[in-house]
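Residue-level structure breakdown
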Amino acid sequence: MQRTTRRPRPAAAAAALLVLPGLLVAATPAHAAASRIRLGSATDVSRPSWQGPAYTMNGAGAVVPGSMSRAIDDIRGGTGSLDVVVLAGSAPTSGSRTPECDTVMTLPGVNSCTTWTLTATSDAGNAQVDADVRNAEFVYFAGGDQCRYTAWKGTALEASVESVVAKGGGSGGGSAGHHVNSPIVYDACNGSVTSTEALADPYGRSLSFTTGLFTWNHYDNVVNDSHFVARDRMGRLMAFVARFLKDGLTSAGSAWGVGVEEGGGSLHIDKNGLATAYGKNSYVVLGDHPGEQVAARRPLTYTDFKIWKLIPGTTFDFAHRPTCGYYLRGVTAGVPDPHLYDGTPQTPCTAAPALTETEPNDTRDRADDATPLSPPAALTGSLATTGDRDYFAIHLTTGRRADVRCDVPDDYDADLYLLDAGGSTLARSVNDGAGADEALTHAATTTGTYHLEVAAYAGSGPAPYTCHVTTT
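Worth saying up front: this structure is predicted, and the values here are computed from it rather than measured.

Here we take up the pairing of strand β5 (residues 82–88). Burial within β5 is extensive, with seven of its seven residues counted as buried. Neither face of β5 is open: one carries Leu82, Val84, Val86 and Ala88, the other Asp83, Val85 and Leu87, and all of them are buried. With seven bridges connecting them, β5 and strand β6 (residues 110–118) associate as parallel partners. Looking at β6, one finds that Leu87 is bridged to Trp116.

Dropping the structure here:
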């Protein structure tokens, strides 16, 4: 049996400094067991406030640019730049020594990215690690071995990561790093477990868990799982959920599992608990009643798990968890129902109010009127010609914050602007690249009509974009 990919423990790295045009890379081991490589600016950003928290939950170890860009924008409020720290329990065996930071440094709004490889539990008390993490605005846990990460429970490093989130920064990770960002962690300290093994005995030796490490707001009563469909892990996530209910590890008589697929799958979760799926499908599994048979050395029997399938672009509200949109699957004597990864919702959820653009709407005075729509609302259109721009009129109220997120197809590079009544820009999002999603936020100081402008920066095509408008 094999855990989530575990990197071999590296020998201590020798100190090194390499300067490339426009890029600073500093490798300075703090002591024999820890190594540090910093990309980007040597000086941390300093500013009085941040707009997060935000989280990324990835099905594999790699950074997913779409969800990571959105988390960065959430935290910096669309302006300025921030610092990222990557925590790894072992070094890569081939290729770049900083694969996560290599991706992060290509994203807008990043001042620096520092990779710390920590191979001993005692490294969690390293003063330089503590300083780097506390000065950062996002902490990313690399793939590898989540058992090493859970050993940091109760250390200075745990407190430092929590301080980043508390100041409005963020946390996330992939594979093992995804596991460790849920309040109940499948730690794999006794080896990995397959779905077949977990369903045959939900109390088997390999089903070991750690609680009390990180508990992020709106994400209570959850256990994460990764590489979800590719490694057929729905069965074991069901076993986790049933066991937590039986053992009383969750509150309110319910336990939740979140499975994210590899190959670019990611969940972005904003400060309000709204999760958005990126790249590949994700799944939310709910157990809300005691199982018929949940016992050691006995196969699991549990009827009617509620399962939400989140295709890319869809959302799940962890702050106000839905009571619709799920399908049902169960397990009888250790044998799961067929078709675990697809199903017809028992009760479909009512779609958010929506408006599709009508041309011509290329100026503010011809804007499509979305003011009657109550948020959350969806605005849809396409940038069918070069230089096309679409305007939507929306209503905002003093003291309320508007959050706008636009899912952009691969046909074109779109930019997003929020304009006041006089046409002045209040906020904007101008991420580079065809298919790059855009997001902005603005706290209204005046009640009235505002305008959203979606503009073609490069390319065009008939594929639709969708802008989701919420207020808090």
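The next subject is the sheet that holds strand β22 (residues 377–381). Across the sheet, which stays open at both edges, the five strands sit in the order β20-β22-β29-β24-β27 with mixed pairing between neighbours. Of all the strands in the sheet, the pair left with one neighbour each is β20 (354–356) and β27 (438–443). When strand polarity is set aside, the average angle formed by the axes of neighbouring strands in this sheet is 15 degrees. Pairing geometry for strand β24 (residues 401–407) and strand β29 (residues 465–471), over six bridges, is antiparallel. Bridged to Ala402 within β29 is Thr471.

In this section: the nonpolar core. The biggest cluster of nonpolar side chains holds 61 residues, and the ones touching the most others in it are Leu87, Val133, Phe141, Leu157 and Val161. Ranked by the residues each element gives to this core, the list is headed by β5, at six residues. For Phe141, the residues in contact, after removing those within four places along its chain, are Leu87, Tyr149, Trp152, Val161, Ser171, Gly172, Gly173, Gly174, Gly177, Val180, Asn181 and Phe214. In terms of nonpolar packing, the next biggest core, distinct from the first, is built from 31 residues, Val223, Leu237, Ala239 and Val331 among them.

Moving on, we come to the side chain of Ser429. Along the chain, Ser429 turns up in strand β26 (residues 425–429). Here the side chain of Ser429 touches Glu438 through a polar contact of 2.5 Å, side chain to side chain. When residues no more than four places from it in sequence are discounted, the contact partners of Ser429 are Asp73, Asp415, Leu416, Glu438, Ala439 and Leu440.

Under the counting rule described, the total for this entry stands at four disulfides. Residue Cys147 pairs covalently with Cys189 via a disulfide, S to S 2.1 Å. An S-S torsion of about 110 degrees defines the bridge between Cys147 and Cys189 as right-handed. On the criterion of sequence distance, the pair formed by Cys147 in helix α4 (residues 146–150) and Cys189 in the loop between β9 (184–186) and α7 (195–200) is long-range, its members being 42 residues apart. Looking at Cys147, the relative accessible area reads 18%, which means it is buried. What pairs with Cys406 in a disulfide is Cys467, and their sulfur atoms sit 2.0 Å apart. Judged by the torsion about the S-S bond (105 degrees), the Cys406/Cys467 disulfide is right-handed. Taken as a pair, Cys406 in strand β24 and Cys467 in strand β29 lie far apart in primary sequence, 61 residues in all.

Turning next to the packing of aromatic side chains. Throughout the structure, instances matching the rule amount to 21 aromatic pairs. Centre to centre, the rings of Phe214 and Trp216 are 5.1 Å apart; their planes meet at 10 degrees, and the pair counts as stacked. Taking the relative accessible area as the measure of exposure, Phe214 reaches 3% and is therefore buried. For Trp216, a relative accessible area of 6% corresponds to the buried category. Among the aromatic side chains, those forming a connected cluster through ring pairs are Tyr55, Phe141, Tyr149, Trp152, Phe214 and Trp216.

In this structure the tally under the stated criterion is 16 salt bridges. The partner of Asp288 in a salt bridge is Lys306, with the nearest N and O atoms 2.9 Å apart. Highlighted residues: Asp288 in the loop between β15 (282–287) and β16 (302–310) and Lys306 in strand β16, separated in sequence by 18 residues. A cluster of three or more residues bridged by salt bridges with shared partners is formed by Arg38, Asp44 and Asp83.

Within the secondary structure layout, Gly173 lies in strand β8 (residues 170–174). Its relative accessible area of 0% is what places Gly173 among the buried residues. C-alpha separation for the pair Gly173 and Glu100, spaced 73 residues apart in sequence, amounts to 9.8 Å. Residues contacting Gly173, with those up to four places away along its chain left out, are Thr56, Met57, Asn58, Tyr140, Phe141, His178 and Asn181.

Residue Pro53 is reached from Gly52 by a cis peptide bond, and omega for that bond is 10 degrees. With respect to the helices, strands and loops of the structure, Pro53 is situated in the loop between β3 (34–40) and β4 (54–58). A cis geometry characterises the amide bond from Glu359 onward to Pro360, with omega recorded as 0 degrees. With respect to the element layout, Pro360 can be found in the loop between β20 and β21 (368–369). Despite not being glycine, His227 has its phi angle at roughly 45 degrees, a positive value. Mapped onto the elements, His227 comes out in the loop between β11 (222–225) and α8 (234–247). At Ala252, a residue that is not glycine, the phi angle is positive and equals roughly 60 degrees. Mapped onto the secondary structure, Ala252 falls in the loop between α8 and β12 (255–260). Taking the relative accessible area as the measure of exposure, Ala252 reaches 76% and is therefore exposed.

The rules behind the values
Residues numbered from 1 in each chain as written. Predicted model: local features only at pLDDT ≥ 70, side-chain atom pairs only at ≥ 80, totals over all residues. Heavy atoms only, no water. Buried < 20%, exposed > 50% of the residue type's maximum accessible area, 1.4 Å probe, protein only. Helix = DSSP H or I, 4+ residues; strand = E, 2+ residues; numbered from the N terminus. Pairing = 2+ DSSP bridges. Axes fitted to C-alpha atoms, helices over the stretch in contact; angles between N-to-C directions. Core = buried A, V, L, I, M, F, W, Y, C linked by side-chain atoms within 4.5 Å. Contact = heavy atoms within 4.5 Å. Polar contact = N/O pair within 3.5 Å; in protein donor to acceptor, adjacent residues only side chain to side chain. Disulfide = S-S within 2.5 Å. Phe/Tyr/Trp six-rings, centres within 6.5 Å; stacked < 30°, edge-to-face > 60°. Salt bridge = Lys/Arg side-chain N within 4 Å of Asp/Glu carboxyl O.

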